[in-house]
Amino acid sequence: MCASGKYSSRGPALIPRMKTKHRIYYITLFSVVLLGLIATGMFQFWPHSIESSAEWSLDRRSVHDAPLVRIPVSSPIPERGDLSCRMHTCFDVYRCGYNPKNKIKVYIYPLQRFVDDVGVPISSTGLSREYNDLLSAISDSDFYTDDVSRACLFIPSIDVLNQNSLRIRETAQALAMLPRWDKGMNHLLFNMLPGGPPDYNTALDVPRDRALLAGGGFSTWTYRQGYDVSIPVYSPLSAEVDLPERQPGPRRYFILSSQTAIHREYRVELERLKEENGEAVLLLDKCTNLSQGLASIRKRCYKGQVYDYPQILQESSFCVVLRGARLGQATLSDVLQAGCVPVIMADSYILPFSEVLDWKRASVVIPEEKLPEMYTILKSIPHRQVEEMQRQARWFWEAYFSSMKAIGMTTLQIINDRIYPYAARTYEEWNNPPIVKWSSVNSPLFLPLIPPRSPGFTAVVLTYDRIESLFRVITEISKVPSLAKLLVVWNNQNKSPPEELLWPKVAVPLKVVRTKENKLSNRFFPFDEIETEAVLAIDDDIIMLTSDELQFGYEVWREFPDRLVGYPGRLHLWDHEMGKWKYESEWTNEVSMVLTGAAFYHKYFNYLYTYKMPGDIKNWVDAHMNCEDIAMNFLVANITGKAPIKVTPRKKFKCPECTAIDGLSLDQTHMVERSECINKFASVFGTMPLKVVEHRADPVLYKDDFPEKLKSFPNIGSL
Amino acid sequence: MQAKKRYLISLLTGAFLVLLFYFGGGGDPGPAATGFRSRHDRSRNGYNRPEQPWPHFSDPLQHFSPWDQSDTEEYNVHISPRQKSDVNSSVYKGKRCRMQSCFDFSLCQRNGFKVYVYPQQKGEKISESYQNILSTIEGSRFYTSDPSHACLFILSLDTLDRDQLSPQYVHNLKTKVQSLPLWNNGRNHLIFNLYSGTWPDYTEDLGFDIGQAMLAKASISTENFRPNFDVSIPLFSKDHPRTGGDRGFLKYNTIPPFRKYMLVFKGKRYLTGIGSDTRNALYHVHNAEDVVLLTTCKHGKDWQKHKDARCDKDNAEYDKYDYREMLHNSTFCLVPRGRRLGSFRYLEALQAACVPVMLSNGWELPFSEVIDWNTAAVIGDERLLLQIPSTVRSIHQDKILALRQQTQFLWEAYFSSVEKIVLTTLEIIQDRVLQQMSRSTMMWNSHPGGLFTLPLYSSYLGDFPFFYAELGIKPNPKFTAVIHAVTPLVSQSQPILKLLASVAKSQYCSQIIVLWNCDKSLPAKHRWPATSVPIIVIEGENKVLKGRLALNTTFPSDAFISLNRNAVLKTTRVDFAFTVWQSFPERIVGYPARSHFWDNNKERWGYTSKWTNDYSMVLTGAAIYHRYYHFLYTHFLPNSLKSMVDQLANCEDILMNFLVSAVTKLPPIKVTQKKQYKETMMGQSSRASRWADPDHFAQRQTCMNKFASWFGGMPLVHSQMRLDPVLFKDQVSILRKKYREIERL
């Protein structure tokens, strides 16, 4: 396919240049095209096994084909990492530039094989499988650029994941030979196993100038906060073993220790814990009778009894992750994968991705010296919290530990967030597992604020042509003390609004907005004319609300500015027979919606309704000329997680279900249509966001045996 | 052109194309086979250009760590972990101090996190700000006067201003500190500092050897900041209030959230020297319309000496605008570094709900250890000054709305008073000491904030009344009734027994706890009514009302309904109140309400039990609230207030209302109550004298004012509404109504 594609793109470019055209030329050309097509066709229909073998024979790409680079003995060595490096001192931010996508560009150096003066490679393993996976993942990602001049971050193809396999001096020289090295500026190195015997430094020992280090075993003394990135030690078992997710809950064992090379002192203490707490603690070690190699990695033993590893981790609530010679342990990854809460005992260890991950919600960190108290400490953690931690642990693994790709992408995202902090991922995005993201709400109006009374509210009256009724509504509303402005949304394109002189005289500004189309959604448009945050949406036939009732509604809204505060309440019910939602407008003891024929709400929800309504709900509403109020109730409940507030007793509304159209009334078809709306919206939202409550708001002294004239809102509930 | 040549060309072309085909197209690993479709196009040209994406290698590659890696661990096993940590703590001192190496945790184990303040020495001058810091600590629940109980030590020597040119500068600090008997080379000491260094280089050195002490320092740079050891505090002025403090200026959330100006700044320009570059360049971005960045060269005596070409123009422009007006009418406020990294402007912008745009490279932002500043500020880079306008313009209005609200939350939670700044500092250090019992990021960064979210209560977010929505969970649908008994059981007709029976009948009741604060011994088992829920009787030691609130928190349900023994409550009433509480788990839900008011004549707060159109408290003689507030009452409030309540045997409900409103910033919720409630609740026979007593009322006035002064302001908020059942008093058949009992008033 691709071959013929290329061919035809070449063709037109060639032909016009040939002024005198000879037949033989065409024949040759044609035959080549034909040949190409046949060959392509053969590739297309060739059985796959053969194709891939053919492919490998054709693709001689091998790490051994990478160009060989000889490092002169005298080649310069970079300086040791500068501990005072920070993004504003050692990182050239100009390279990243202004970028509307707020995404850094990452360049990967092509693979080279570095050898020293006598031809010995600088690394005993060369390119590891993990580093290859990591670079592949980056080159596949949106971060990647092949244009070195546009790159903000450079990643050497020199594998330094494991310091043990490196020749330190030569690796450093190789780094300095990279064409864009420039004192390591904007270079990122990935290292998971730093240090080496006997003292095991906690950061890579390779001198690296100003390069950033994504390191797997930082201690608080080597980690340059805000510059380096602490990454996990990848566990190759992740790719080998599939541990299905387990429901959070109590497990067979309370504490499990599965590491094999635990220091004597600590093993003694663990054994003491085991003695004290018996069955609750399982203490595993390497199986002595098994041969070395892969098989032994997958087994653990306790007194001759053999357990499968890492499967056994799923049988415990807490799993010990103790420091070894290094602070970072691959076990942490296995433990998280098993949904076991890690008990991390590695003093001064900088936990992986701690810049963005809230480990307090997924792990227990205990100082090494408190190992003997581990059992008591863990027992004091509430059950519900343990379950949350188990879920959180598993989520961390899936999102940030499960593959080299996950590790690489997380690292780049963290650096990206530093360069474009105003576009950074939020705490919730980093830390909430999908199930929590789905069920939790983060209200956009989260500050507990009772706005002052003084700005008042803007009444938005939606009208079509019921002028007489409209004028009555306007007259009534204008008596409400806190009314700041009246906005009439004239939804009739065929008829002009009455002349200015004919309108009732009111003390507040009155504006008429003419709409382009007769849509119900127009009533929720965030008009610039609405200058207050409180909006009273009111139909042009709601004349039965008293001034006291409206003013009281506004006062209630001030106490609940993030809710819909309305008068007639409605309810949704689950119809067991039909297996779907049903709309209810009868005298119920519960409320889950208020009609927006008369309701106060924050102007923010206008903006939300107009620009952020999920799915095709807005169109559905406009097409059906119905249910805009139900849609609004869904929207607000979904984003705030809160029920609306019904105010004041039930009144006899002349036509409470009326929308702007005459003729619709409380008949059966109307109810059916409203029920349909609920079902439609619930399916678009993917959930039923409405909340049911059994209360309504009345003035403090409502119906109290108290002189009416002393009540702030005496005229409430009169019919 | 000759025919031969043409043949040759065409042949060559053909050959070339064939070659291309083989090497280019054929060499491509088929997408179907490898499964890397997206790479398809790019990898095709792999061999032709050096800038290739990462190729697929056919070689079998080794793992980065050998399977039996543990052998190397074994090799190292002879180094004892103890030795290792000893080595660390001996090596990492001074600039590399960390909690692990420079802090003695063992001092905090026995008595918890207690803070000792050195006694003030005669003749030692202490600035007002430092005096405020010291008295805050002395008034806090962390304070101990016994150094042997202390975990943290605070100097009584004023270290706030270490600028040698400042009049506040304390001389000979070095010798004074060294001569302190408990100094111990600064171990477990915390040193507060606002200014360090002086012109021209403004180093961050304090001018004396701080040893292993921790620093709570303003304007600290990331290079000098020792993570999880030092605390970065905001720069605050000497007029910063000691307690309470003003609320944020945000009164409402306007939509769209843009204000008159997009970005403003008004301040000095230094022309030369450290920190002058950014301010000197601001005029590039100034557009005199919505981006107004004004500088003046006038400062110091000899500013004219350094005067540059722009000064006169800048100075004239500068005088045209009013700083306050700009602060209140701008969406974003630029906060560039001054000579030092931090500035007063930061807190000013925060309070004014003007989202700070930071231009102070290398400043470790205040309380950065716990506060996620990306949610309340725009962190710019001085190097990218010219991009700042386009950056702030690109910020979506939803984000602006959130940033702005967060500025207000952070201001009120951590910055509005010296007390809050100091307590936040101490709580951060306490979190390090508590380790696994410390607050999570979410507790610090969402309402009501870390100071009101005590980790000693629980480290689980779901145990608090504040995070249900964020976690997507609901409070436990059961309550625990707590009944306070003070009179012995003599007859079966006693109100307490009726109360027990009606509460126990509630479908939401999980258990009843009777607090027996009576001289007479407990009645026999059979005297208690038979109920379907367990009744637990706890004998109180104190014969005071406090006993009801000082409960520990070992109960499973999230809600407590606290009841006076004489409360007359029908089951439906309890049921209804509890369903209301489930919608407002962070508030107190109660029946009889009271109100406060400002008495202009007496210039103090007044208390009223009159029936008014609004209320700000509900009596806890019958109220539902989250069990966390029990804990907070006992552990957050100072002993001075609690013992006052004990001695008076009064006001405990007022205190509870103060506390909850201080946390929520919202009023309590009153639900329907029976009219004669007032009489039955308050005029009960046994205590009738007490409630009728005018002293009792006067006490409550006094309490209010005492509490208000401790809280540094009046936290109570008025409400004008009451929650009734949906069909309350509606003209519809009583049979339709769920809460019929409530109808019969």
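Bear in mind that the values here come from a model prediction, so they are computed numbers and not experimental data.

Definitions and limits used
- Residues numbered from 1 in each chain as written.
- Chains lettered and ligands numbered in written order.
- Predicted model: local features only at pLDDT ≥ 70, side-chain atom pairs only at ≥ 80, totals over all residues.
- Heavy atoms only, no water.
- Helix = DSSP H or I, 4+ residues; strand = E, 2+ residues; numbered from the N terminus.
- Buried < 20%, exposed > 50% of the residue type's maximum accessible area, 1.4 Å probe, protein only.
- Contact = heavy atoms within 4.5 Å.
- Areas by Shrake-Rupley, 256 points an atom, 1.4 Å probe, with all protein chains shown as cover.
- Pairing = 2+ DSSP bridges.
- Right-handed = clockwise from strand over helix to strand, strands pointing away.
- Disulfide = S-S within 2.5 Å.
- pLDDT = per-residue confidence, 0-100.
- Polar contact = N/O pair within 3.5 Å; in protein donor to acceptor, adjacent residues only side chain to side chain.
- Axes fitted to C-alpha atoms, helices over the stretch in contact; angles between N-to-C directions.
- Parallel < 35°, antiparallel > 145°, perpendicular 65-115°, else oblique.
- Nonpolar A, V, L, I, M, F, W, Y, C, P; charged D, E, K, R; others polar.
- Core = buried A, V, L, I, M, F, W, Y, C linked by side-chain atoms within 4.5 Å.
- Phe/Tyr/Trp six-rings, centres within 6.5 Å; stacked < 30°, edge-to-face > 60°.
- Salt bridge = Lys/Arg side-chain N within 4 Å of Asp/Glu carboxyl O.

So, the overall build of chain B
Alright, step 1. A tally of regular secondary structure across chain B gives 29 helices and 24 strands.
Alright, step 2. Here chain B holds 745 residues, and the buried ones make up 59% of them.
Alright, step 3. Long-range pairs, those at least 24 residues apart, make up 73% of the contacts in chain B with a sequence separation of at least 6.
Alright, step 4. Split by element, the accessible area of chain B, about 29800 Å² in all, is 53% carbon and sulfur.

Overview of the pairing of strand β8 (residues 253–257) of chain A
Residue and element names in this part refer to chain A.
Alright, step 1. Counting buried positions along β8 gives five out of five residues, so the element sits mostly inside the fold.
Alright, step 2. Where β8 and strand β12 (residues 316–322) come together, four bridges link them in parallel fashion. By the bridge assignment, I255 is partnered in β12 with F318.
Alright, step 3. The sheet contact formed by β8 and strand β9 (residues 281–283) spans three bridges and is parallel. By the bridge assignment, I255 is partnered in β9 with V281.
Alright, step 4. In terms of handedness, the path from β8 via helix α8 (residues 264–277) over to β9 forms a crossover that is right-handed.

Considerations on the state of the cysteines
Two cysteines whose sulfur atoms are joined by a covalent bond form what is called a disulfide.
Alright, step 1. This model, assessed by the stated rule, comprises 10 disulfides over all chains.
Alright, step 2. Each sulfur of the disulfide joining A:C287 and A:C301 lies 1.9 Å from the other. Judged by the sign of its S-S torsion, about 100 degrees, the cystine formed by A:C287 and A:C301 is right-handed. Of this pair, A:C287 sits in the loop between β9 and α9 (294–297) while A:C301 sits in strand β10 (residues 299–302), and the two are 14 residues apart along the sequence.
Alright, step 3. Residue A:C301 is classed as buried on the basis of its relative accessible area, which comes to 11%.
Alright, step 4. Sulfur-sulfur distance for the disulfide between B:C108 and B:C151 comes to 1.9 Å. Where B:C108 bonds to B:C151 through sulfur, the torsion about that S-S bond is close to 65 degrees, and the disulfide is right-handed. In this pair, B:C108 is assigned in helix α7 (residues 106–109) and B:C151 in the loop between β2 (143–144) and β3 (152–154), connecting sequence segments 43 residues apart.
Alright, step 5. If you count the bonded cysteines of chain B from the N-terminus, they pair up as 1-2, 3-4, 5-6, 7-8, 9-10.

Section: unusual backbone geometry
Alright, step 1. In this structure, the amide linkage connecting A:Y309 to the following residue, A:P310, adopts the cis form with an omega of 5 degrees.
Alright, step 2. As for its placement among the helices and strands, A:P310 is situated in the loop between β11 (305–308) and β12.
Alright, step 3. Note that the residue after B:H447, namely B:P448, is joined by a cis bond; omega there is 5 degrees.
Alright, step 4. Along the polypeptide, B:P448 turns up in the loop between α18 (441–445) and α19 (468–471).
Alright, step 5. Phi at A:C627 takes a positive value of approximately 70 degrees, unusual for a residue other than glycine.

Some words on the confidence of the model for chain A
Residues and elements named next belong to chain A.
Alright, step 1. For chain A, the average pLDDT comes to 88, and 88% of its residues sit at 70 or higher.
Alright, step 2. Contacts of residues 1–19 to residues separated by more than four positions or lying in other chains number 25 contacts, the stretch itself having pLDDT below 50.
Alright, step 3. Segment residues 655–665: pLDDT under 50, and 28 contacts once partners within four positions in sequence are set aside and those in other chains are kept.

What about the environment of B:T331?
All names here are of chain B.
Alright, step 1. Within the secondary structure, T331 sits in strand β11 (residues 330–336).
Alright, step 2. A relative accessible area of 0% places T331 in the buried class.
Alright, step 3. Setting aside residues up to four positions removed in sequence, T331 forms contacts with P257, F258, R259, Y261, M262, C354, V355, I400 and R404.
Alright, step 4. A polar side-chain atom of T331 sits 3.0 Å from the main-chain amide nitrogen of R259.

Quick notes on the packing of helix α14 (residues 344–351) of chain B against helix α16 (residues 397–415) of chain B
Residue and element names in this part refer to chain B.
Alright, step 1. At their nearest, the axes of α14 and α16 sit 8 Å apart, and the two run at 120 degrees to each other. Accordingly, the angle class assigned to the pair α14 and α16 is oblique. Mapping the contact onto sequence places L347, L350 and Q351 in α14 and T407, Q408, W411 and F415 in α16.
Alright, step 2. Its residues placed into classes, the contact of α14 with α16 shows four nonpolar, three polar and no charged.

Considerations on the sheet that holds strand β22 (residues 622–626) of chain B
Alright, step 1. With respect to topology, nine strands assemble into an open sheet ordered β25(A)-β24(B)-β23(B)-β18(B)-β22(B)-β17(B)-β14(B)-β15(B)-β16(B), the strand pairing being mixed. Two strands in the sheet have a free side with no partner beyond their single neighbour: β25 (695–699) of chain A together with β16 (535–539) of chain B.
Alright, step 2. As defined by bridge partners, strand β15 (residues 509–516) of chain B adjoins β16(B) across five bridges and the pair is classed as parallel. Looking at the pairing, B:L515 lines up with B:I538 of β16(B).

With respect to the sheet that holds strand β21 (residues 617–618) of chain B
Strand-to-strand pairing in sheets goes through backbone hydrogen bonds, with the strands running parallel or antiparallel.
Residues and elements named next belong to chain B.
Alright, step 1. Read from one edge of the open sheet, three strands run β20-β19-β21, paired in antiparallel fashion. Edge positions in the sheet fall to β20 (604–608) and β21, since each of these pairs with one other strand and no more.
Alright, step 2. On the sheet, helix α28 (residues 694–711) packs against β19 (593–599), β20 and β21 and is oriented at approximately 135 degrees with respect to β20.

Description of the environment of A:R95
Residues and elements named next belong to chain A.
Alright, step 1. You can see R95 is positioned in the loop between α4 (87–90) and β2 (106–108).
Alright, step 2. Residues R95 and N186 lie 91 residues apart in sequence; the distance between their C-alpha atoms is 8.6 Å.
Alright, step 3. Other than its neighbours up to four places away in sequence, R95 contacts R150, A151, C152, F154, D182 and N186.

Things to note about helix α23 (residues 627–636) of chain B
Alright, step 1. Along α23(B), eight of the 10 residues are buried, which leaves the element largely enclosed by surrounding structure.
Alright, step 2. Residues of α23(B) that are buried: B:R627, B:Y628, B:Y629, B:H630, B:F631, B:L632, B:Y633 and B:F636.

Comments concerning the confidence of the model for chain B
All names here are of chain B.
Alright, step 1. For chain B, per-residue confidence averages 85 on the pLDDT scale, and residues scoring 70 or more make up 84% of the total.
Alright, step 2. Throughout residues 543–553 the model reports pLDDT below 50, and contacts reaching past four residues in sequence, or to other chains, amount to 39 contacts.
Alright, step 3. Predicted confidence is poor over residues 676–689, with pLDDT under 50, and the contacts of this stretch with residues over four places away or in other chains come to 29 contacts.
Alright, step 4. Confidence estimates for the predicted assembly give a pTM of 0.89 and an ipTM of 0.88.

Overview of the nonpolar core
Alright, step 1. Judged by nonpolar contacts, the single largest core of 105 residues is most densely connected at A:I155, A:F190, A:I419 and B:F332.
Alright, step 2. What A:I155 contacts, discounting residues up to four positions off in sequence, is A:V106, A:Y107, A:I108, A:Y109, A:Y131, A:L135, A:I138, A:L188, A:F190 and A:L412.
Alright, step 3. Core analysis: the second largest hydrophobic core is formed by 81 residues, B:C97, B:F113, B:L160 and B:W411 among them.

Here we look at the pairing of strand β21 (residues 580–584) of chain A
Residue and element names in this part refer to chain A.
Alright, step 1. When strand β20 (residues 569–575) meets β21, the two strands line up antiparallel, connected through five bridges. Note on β21: the bridge partner recorded for L573 is K582.
Alright, step 2. Between β20 and β21, which pair antiparallel and follow one another directly, the connecting turn spans four residues, one of which, G579, has a positive phi of 65 degrees.

Concerning the environment of A:W438
Residues and elements named next belong to chain A.
Alright, step 1. Mapped onto the fold, W438 is located in helix α15 (residues 434–439).
Alright, step 2. In sequence terms W438 and T687 are 249 residues apart; their C-alpha atoms lie 9.6 Å from each other.
Alright, step 3. Setting aside anything within four residues of it in sequence, one finds W438 in contact with F685, G686 and T687.

Structural notes on the packing of aromatic side chains
Residue and element names in this part refer to chain B.
Alright, step 1. Across all of its chains, the model carries 65 aromatic pairs over all chains by this definition.
Alright, step 2. Ring geometry for F464 against Y628: centres 4.8 Å apart, planes inclined by 65 degrees, an arrangement best described as edge-to-face. Placement of the pair is F464 in the loop between α18 and α19 and Y628 in helix α23, with a sequence separation of 164 residues.
Alright, step 3. In this structure Y628 comes out as buried when scored by relative accessible area, which is 0%.

Some words on the side chain of B:T159
Alright, step 1. Assignment of secondary structure puts B:T159 in the loop between β3 and β4 (161–162).
Alright, step 2. Within polar-contact distance, the side chain of B:T159 engages the backbone oxygen of B:F192 at 2.6 Å.

A closer look at the pattern of salt bridges
All names here are of chain A.
Alright, step 1. Considering all chains together, one arrives at 54 salt bridges over all chains under this definition.
Alright, step 2. For the salt bridge of E355 with R418, the shortest nitrogen-to-oxygen distance reads 2.6 Å. Here E355, found in the loop between β13 (341–345) and β14 (364–365), pairs with R418, found in helix α13 (residues 404–419); they are 63 residues apart in sequence, far enough to count as distant.
Alright, step 3. On the accessibility criterion, R418 (16% relative accessible area) is buried.
Alright, step 4. Where E555 meets R453, a salt bridge forms, and the shortest distance between an N and an O atom there is 2.6 Å.

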